[in-house]
Amino acid sequence: MKVLLLLALTISSVTANAVTLEELQQRFSQVPVLRAEFAQQRTISGMAQPLNSSGNLLIARQQGLWWQQEKPFTLTLLLTENRMVQIMAGQSPQVVTADTNPQMFQFNSLLSALFHADQRVLGQNFSLNFTDLGKGAWTLVLTPKVSPLNRLFRSITLSGETFLNNIDINDMQGDATHIRFFNQKTTPATLTDAEKRHFAS
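These lines cover the structure that appears in this document, whether it is placed above or below. (Residues numbered from 1 in each chain as written. Predicted model: local features only at pLDDT ≥ 70, side-chain atom pairs only at ≥ 80, totals over all residues. Heavy atoms only, no water.)

### As for the sheet that holds strand β4 (residues 75–79)
Stage number 1. Pairing within the open sheet is antiparallel, and its eleven strands lie in the order β6-β5-β4-β3-β2-β1-β11-β10-β9-β8-β7. Sheet topology places β6 (94–96) and β7 (126–134) at the edges, where each strand pairs with a single neighbour. With strand direction ignored, the average angle separating the axes of adjacent strands in the sheet is 15°.
Stage number 2. One ladder, built from five bridges, connects strand β10 (residues 164–171) with strand β11 (residues 176–185); its direction is antiparallel. (Pairing = 2+ DSSP bridges. Helix = DSSP H or I, 4+ residues; strand = E, 2+ residues; numbered from the N terminus. Axes fitted to C-alpha atoms, helices over the stretch in contact; angles between N-to-C directions.)

Structural data, given as structure tokens:
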């Protein structure tokens, strides 16, 4: 009897601690500000060496996403609810809105959905395969089901624990992109004055 009771308690504990996509989305949506570093490696078919880049990422729930590549050259990407701005050193900013380029702006919404694990937006564009790996770890495999995504990507895989730690992208050309996020920080919970200027630019 004691063995059966212990087994039942163990199963109950494991079930209670299982990660679900709904729980993950709720957890991510409750973080007002997330800061992280990233390292990206892109393997291109026909090229012997992968392309590496690195930098910093800032996600603010009310303002949007700020992506600052530092190496091998400076590149800034700003995503807000109504615009996407790309800035390269020595060049004029490129601004995209839903009116000027609807298809490109669709990717804006998609990127935000990836970082927030937004099940509604992701489910409109992908078949979702979420797996609880135990001990808080999880993966979410996205298989495109609508155009033009299904002509561009084979799959996008998100994985992590407390935070989103990795994004793996496999495209239809046989290229692969791996993005690793690390040194994630949620404090301070509000933007600094310098961070506010990123979104005001």
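### Here's the deal with unusual backbone geometry
Stage number 1. A cis amide bond links K71 to the next residue, P72, at an omega of 5°.
Stage number 2. Within the secondary structure layout, P72 lies in the loop between β3 (64–71) and β4.
Stage number 3. Across the junction of T187 and P188, the peptide omega takes the value 0°, indicating a cis bond.
Stage number 4. By the element assignment, P188 lies in the loop between β11 and α6 (193–200).
Stage number 5. For A117, which is not a glycine, the phi torsion comes out positive at approximately 50°.
Stage number 6. Judged by relative accessible area, A117 falls into the buried class, the value being 2%. (Buried < 20%, exposed > 50% of the residue type's maximum accessible area, 1.4 Å probe, protein only.)

### Some words on the packing of aromatic side chains
Stage number 1. This structure, assessed with the given rule, holds five aromatic pairs.
Stage number 2. With a centroid separation of 6.4 Å and 85° between ring planes, the pair formed by W67 and F181 is classed as edge-to-face. Of this pair, W67 sits in strand β3 while F181 sits in strand β11, and the two are 114 residues apart along the sequence.
Stage number 3. W67 sits in the buried class, given a relative accessible area of 12%.
Stage number 4. Exposure remark for F181: the relative accessible area of 5% places this residue in the buried category.
Stage number 5. Aromatic side chains F115 and F181 sit 5.6 Å apart centroid to centroid with 75° between the ring planes, which places their arrangement in the edge-to-face category. (Phe/Tyr/Trp six-rings, centres within 6.5 Å; stacked < 30°, edge-to-face > 60°.)

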